[in-house]
Amino acid sequence: MGEMSVWEPEGTNQDRTEFKVVGTWDHPGRQSWDMVSGAAKYPTDLWMEGTLTAMALRCPYGHAKVKSLDVADAEKIEGVKLVLTYEDEELASMPKYRPAYFEFGGSPLLGDEAEFEGDEVGAVVVAVNEEVCKEALAAIKVEWEVLPFILDAREAAKPGAPILRPEMNPDSNMTGNTFGAAVEWELGSAEDGFKEADHIEVIDYGRPMWSQFRPMPPAYFSYWADDPWGNPDGEKMCYVTNHAHFPSNGPIVSAFMGAGSHADKYRALSPYMAARYCDFVEKRGAQFAPVLSKRLGGVPVRYVQTRRESFDAAVPQTYLTVRLGFKDDGTLVAVQSKNVHQTGARGGYGDKTHGHLVLPPNAQGFKQTACPNIYSEMGYYVTNGACTTADPGQPMYEPTNLALAKIADTLGLDICDVIMQNVKVTDPSLSACMTAAKEAMGWADKWHLAGERTLEDGRLHGVSCRYAASQTWGMISYNINLRMGVDGKIYMPYAEALIGTYWPDATQLVIAEEMGMKLEDVIVYYAPNYNNWQEGDAADRGSTCTWAAKEAAVLLKQQILATGGAAMGVTADEVDLVDSMIVLKADPAKQMPIVGMGQLAVGYCGKPKVPFQTDVIRTMNVDMCEVAVDPETGLVEILDYVVAHDFGKVIRPSSALGQIENAITMNSGRALREELIWDESTGVLLNGNMYDYKVPTILDQPKIEPVPVETRCGGGAYGSTGVAHAHANPGLVGQAIQNATGGAFIDMVPYTPDKVLAVLGKISQ
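Quick summary incoming for the structure in this document. Here the structure is a predicted model, which means the values were calculated and not measured.

### Some thoughts on the overall build of the protein chain
Here is step 1 of the chain: Check the secondary structure of the protein chain and you find 17 helices and 30 strands.
Here is step 2 of the chain: Of the contacts made within the protein chain by residues no fewer than 6 positions apart, 80% connect residues no fewer than 24 positions apart.
Here is step 3 of the chain: Accessible surface, the protein chain: about 27800 Å² in total, of which carbon and sulfur atoms supply 52%.

Right, dumping it as structure tokens:
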């Protein structure tokens, strides 16, 4: 087994062994009824009498600049209320503020240069409806200067390539990234490690851009009206949609920072939003809508985007070449990795600012192996071809697992044994997950060397295994505010729009558990202008925000016991809080309700000391995949997908298992069908909508077997850890195809039939 890591539990009651509500079923989500009944209001549902529609001019080219713009004919169309161009003084000055991490390469909200086909540029129109908007946009006379474009990060890296963003780097297309990861780093000496190796192999891996699936186009709704709470300066209040799961980046923040204002002048609408993933891009509409509404006297304005125009945010493309050195026994001793990574045309704060979340799949994952010699070279390159948004950290495990699979194939070893031999672990997390996964998959009966098994129907059989660490995503300090009302209930406000993740319900469970309250007496409620960070976008961050909620609950319980004990004539140590009642420990029959006790409150801001797993590896997970490959058509069917995930501690079972099912469904789509395709001669995206971009439906969903493991090794509440990001990895399906086809690996996702037939020698590529 690889090296061991050791960690100590942090915080209060992390070693709790008895649970009344945490980890139990039959707790419907507080918003579930709203969502399934249709009562929930999403941004696209927002409408008021007199609402106007706004749309922007879109660039038809892969990269172009506006040479001249004539909006006179558009302004004459009946039903058009306002046309603003990039030369408008107010638009040209926006955004006035942006977060520091988005300062690099800042530009106006609406400019005269489009970075990609479909980019908003030049002008924005407000009219009585969408049809009139489209008519007016078509009437705008535009003279375009078509500019060179680059769609592939490898092309952007070549000497002599057109410089796309000279204001960021006048010498090349290379840029930095949000987290400031080093372009070059080394552990030990890769050169010395290769001298020790018995075998040296090279693997290549490529991932194209892929889109976030969004069930509905984003819509930004805004109007200006009197503040019902009163406003001393008499200025009207701006109301704007709130659909983002990062309050510090979301539309309401974009709106007031874009205008150079502050949060007290804005009120967030629409607590619900359609599912999305790390949206760091679509903020222009949030800034357009308030400006357009204000220009027209405060009337409601909906800035809309069609499904085609909403297809501009994608996870970046990346390309890796990894040289491996390993011993005859399968021990990895040297890694040399080169990663060319795309940062996109813009990925920031609505304008062309650079600074989206980048966690590329470079060699970081190899740090969690016992390999002593690792060299990494990375390059982040600007391209055209859509924006890019968050890049999940889990792809860093793709090259690591492909390397371990390569070792197994070369030496004829079981991939599971190679994983256990090389990966640093916190015992017993990895071994527990591996044992559970093997049992659920029936690994002993299904595993075989590459190309050694054919099914009865003639299809080629393949299996694969991968590991990953489970992310806690706790680098943020979570701000939890709890209040006991005079009604004896506990209240916790939150500001994040709801995207179907479970964290508010998990937080409710943890607070009830720690305080001894009935679950129905803990109210976790939406307070749109409550500007703090108690949120979590998924189980990943939720595991840490529940940790902070636990700490806050302990503090509030101490206040309640002190107050209740005094009322009963005893000390706080002599009473407890049980089922929302103050109970005398010496005589449990003596009880006192907390209703009417008064209001008590506590604020807590914090996170575990080691919140984000780096060198300290806490909880692991093991995925196994079984496929059948048709050698005549190249079609791949996923027969079984087993996920043994160490949750540390399951907080809310239905949501925890649902996180796995969602991630694996997404994985299957990325692995087998999802791909953005451009016309290489024009830079136009050919499948830029949810009809042509093939995502898996319920009919395509593979068999998924989630296997929960609990070792209490995580950094969240009660040792819990993250879920969703841990499985965002399509490479496992590729490994299974490799096992089925005799060891020939397809080096570019997705694994489409033409690529499968090519590795089988049936066609040439």
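### Observations regarding the sheet that holds strand β12 (residues 237-241)
Here is step 1 of the chain: The seven strands lie next to each other as β3-β5-β1-β14-β11-β12-β13, forming an open sheet whose pairing is mixed. This sheet does not close on itself; its edge strands, each paired only once, are β3 (80-85) and β13 (266-269). For this sheet, the mean inter-axis angle between neighbouring strands, taken without regard to orientation, is 20 degrees.
Here is step 2 of the chain: Pairing of strand β1 (residues 52-58) with strand β5 (residues 120-127) involves five bridges; the strand directions are antiparallel. Following the sheet pairing, Arg58 is matched in β5 by Glu120.
Here is step 3 of the chain: Each of β1, β3, β5 and β14 (301-304) is contacted by helix α4 (residues 130-139), which is oriented at about 30 degrees to β1, the strand it contacts most.
Here is step 4 of the chain: In the packing of helix α7 (residues 251-258) onto the sheet, the strands contacted are β11 (219-225), β12 and β13, and the crossing angle to β13 comes to about 155 degrees.

### Structural notes on the pattern of salt bridges
Here is step 1 of the chain: Summed over all chains, the structure comprises 23 salt bridges.
Here is step 2 of the chain: Lys67 is paired through a salt bridge with Glu143; the nearest N and O atoms lie 3.6 Å apart. Residue Lys67 is found in strand β2 (residues 64-70), and its partner Glu143 is found in strand β6 (residues 141-146); the two are separated by 76 residues along the sequence.
Here is step 3 of the chain: Given the relative accessible area of 39%, Glu143 is considered partly exposed.

### Quick notes on the packing of helix α9 (residues 397-411) against helix α10 (residues 415-422)
Here is step 1 of the chain: At a closest axis distance of 9 Å, the pairing of α9 and α10 adopts a crossing angle of 120 degrees. Here α10 runs oblique to α9, going by the angle between their axes. Seen along the crossing, α9 lies across α10 with a hand that is right-handed. Facing α9, whose interface residues are Asn401, Leu404, Ala405, Ile407 and Ala408, α10 presents Ile415, Val418, Ile419 and Asn422.
Here is step 2 of the chain: Residues belonging to the contact of α9 with α10 are distributed by class as follows: seven nonpolar, two polar and no charged.

### Brief notes about unusual backbone geometry
Comment: phi is negative for the bulk of residues other than glycine, and the bulk of peptide bonds are trans.
Here is step 1 of the chain: Each neighbour pair has its own omega, and for Met94 with Pro95 the value is -5 degrees, a cis peptide bond.
Here is step 2 of the chain: Examined against the element boundaries, Pro95 turns out to sit in the loop between α3 (89-92) and β4 (113-114).
Here is step 3 of the chain: Look at the link from Val749 to Pro750: it is a cis peptide, with omega at -5 degrees.
Here is step 4 of the chain: In this structure, Pro750 sits in the loop between α16 (731-740) and α17 (753-759).
Here is step 5 of the chain: Although it is not a glycine, Asn13 adopts a positive phi angle of roughly 60 degrees.

### A few points about the packing of aromatic side chains
To describe a pair of aromatic rings, one takes the distance between the centres and the angle between the planes.
Here is step 1 of the chain: Inspection of every chain in the model, using the stated rule, returns 13 aromatic pairs.
Here is step 2 of the chain: With a centroid separation of 6.2 Å and an interplanar angle of 80 degrees, the aromatic rings of Tyr491 and Tyr525 are classed as edge-to-face. Linking Tyr491 in strand β22 (residues 490-494) with Tyr525 in strand β23 (residues 522-526), this pair joins segments that are 34 residues apart in sequence.
Here is step 3 of the chain: Here the aromatic residues Phe221, Tyr223 and Tyr239 are joined through ring pairs into a cluster of three or more.
Here is step 4 of the chain: Taking NZ or CZ as reference, Arg154 lies 3.6 Å from the ring centre of Tyr319, over its face.
Here is step 5 of the chain: Across from the ring centre of Phe194, 4.0 Å away, lies the NZ or CZ of Arg323, which sits over that ring.

### Concerning the state of the cysteines
Here is step 1 of the chain: The final tally for this structure, using the stated rule, is zero disulfides.
Here is step 2 of the chain: Between Cys465, a cysteine without a disulfide, and Cys416, which holds the nearest cysteine sulfur, the sulfur-to-sulfur distance is 3.9 Å.

### A word on the environment of Leu269
Here is step 1 of the chain: Among the secondary structure elements, Leu269 is positioned in strand β13.
Here is step 2 of the chain: Residue class for Leu269 comes out buried when judged on its relative accessible area of 18%.
Here is step 3 of the chain: As for Leu269 and Pro528, which are separated by 259 residues in sequence, their C-alpha atoms are 7.2 Å apart.
Here is step 4 of the chain: Once you skip the residues sitting within four places of it in the chain, Leu269 turns out to touch Leu46, Phe221, Tyr223, Tyr239, Val240, Thr241, Asn242 and Tyr526.

### Remarks on helix α11 (residues 429-441)
Here is step 1 of the chain: The terminal C-alpha atoms of α11 lie 18 Å apart, and with 13 residues this matches the ideal 18 Å at 1.5 Å per residue to within 8%.
Here is step 2 of the chain: Within α11, burial applies to Ser429, Leu430, Cys433, Met434, Ala436, Ala437 and Met441.
Here is step 3 of the chain: Its buried side turned inward, α11 meets α10, α12 (443-446), β20 (460-469), β28 (620-629), β29 (636-646) and β30 (704-709).
Here is step 4 of the chain: Remark: Gly442 follows α11 within two positions and exhibits a positive phi of approximately 70 degrees.

### What about the sheet that holds β2?
Here is step 1 of the chain: With respect to topology, three strands assemble into an open sheet ordered β4-β2-β6, the strand pairing being antiparallel. With one partner strand each, in any of the chains shown, β4 and β6 form the two edges of the open sheet.
Here is step 2 of the chain: Where β2 and β4 come together, two bridges link them in antiparallel fashion. Bridge pairing links Ala64 to Ala114 in β4.

### Focus on the side chain of Thr400
Here is step 1 of the chain: Along the chain, Thr400 turns up in helix α9.
Here is step 2 of the chain: Residue classification places Thr400 among the buried positions, given a relative accessible area of 0%.

### Digging into the packing of α9 against α16
Here is step 1 of the chain: Running from N to C, α9 and α16 cross one another at 15 degrees; their axes reach a closest spacing of 10 Å. Relative to α16, α9 is oriented roughly parallel. Crossing handedness for the pair α9 and α16: right-handed. Facing α9, whose interface residues are Glu398, Asn401, Leu402, Ala405 and Asp409, α16 presents Gly731, Gln735 and Gln738.

### Description of helix α15 (residues 653-672)
Here is step 1 of the chain: Here α15 contains 20 residues, and its C-alpha end-to-end distance of 29 Å stays within 8% of the 28 Å for a straight helix at 1.5 Å per residue.
Here is step 2 of the chain: With respect to burial, α15 is a largely interior element, 16 of its 20 residues being buried.

### Observations regarding the environment of Arg30
Here is step 1 of the chain: Mapped onto the fold, Arg30 is located in the segment before α1 (32-37).
Here is step 2 of the chain: Those residues within four positions of Arg30 in sequence are excluded, and the remaining contacts are Asp505, Gln508, Val522, Ile523 and Val524.

Conventions we followed
- Throughout this description, residue numbers start from 1 for each chain and increase along the sequence as written.
- Totals for whole chains, interfaces and linings use all residues, but because this is a predicted model, local features are given only for residues with pLDDT of at least 70 and pairs of side-chain atoms are given and counted only at 80 or more.
- Side-chain numbers come from the whole structure's heavy atoms, not from hydrogens or water.
- A helix here means a DSSP run of H or I that spans at least four residues, while a strand means a run of E at least two residues long, and both kinds are numbered starting from the N terminus.
- Here a residue-residue contact requires only that any non-hydrogen atoms of the pair lie within 4.5 Å.
- To be clear on the numbers: accessible area is Shrake-Rupley with a 1.4 Å probe, and residue cover counts the displayed protein chains and nothing else.
- By this definition, two strands are paired if DSSP reports at least two bridges between them.
- For helices, the fitted line uses only the C-alpha atoms of the stretch in contact; every axis is such a line through C-alpha atoms, and the angle between N-to-C directions lies from 0 to 180 degrees.
- Salt bridge, as used here: a side-chain nitrogen of Lys or Arg that lies within 4 Å of a carboxyl oxygen of Asp or Glu.
- Here's how the labels work: a residue is buried when its accessible area is under 20% of the maximum for its type, exposed when over 50%, partly exposed in between, all with a 1.4 Å probe on protein chains only.
- Each angle gets one of four labels, with under 35 degrees taken as roughly parallel, over 145 as roughly antiparallel, 65 to 115 as roughly perpendicular, and the rest as oblique.
- Helix crossings are classified by the rotation of the near helix relative to the far one: an anticlockwise turn of less than a right angle makes the crossing left-handed, while a clockwise turn makes it right-handed.
- Residue polarity is assigned by list, with Asp, Glu, Lys and Arg as charged and Ala, Val, Leu, Ile, Met, Phe, Trp, Tyr, Cys and Pro as nonpolar; anything else, Gly included, falls into the polar class.
- Centres within 6.5 Å make a pair out of two Phe, Tyr or Trp rings, where for Trp the six-membered ring is used; the pair is then stacked when the planes are under 30 degrees apart, edge-to-face when over 60, and tilted otherwise.
- Comment: the charge-over-ring label is applied if NZ (Lys) or CZ (Arg) is within 6 Å of the ring centre and within 35 degrees of the ring normal.
- Disulfide assignment relies on a single distance test, namely cysteine sulfur atoms paired within 2.5 Å.
- By definition here, a helix of n residues has an expected span of 1.5 Å times n minus one.

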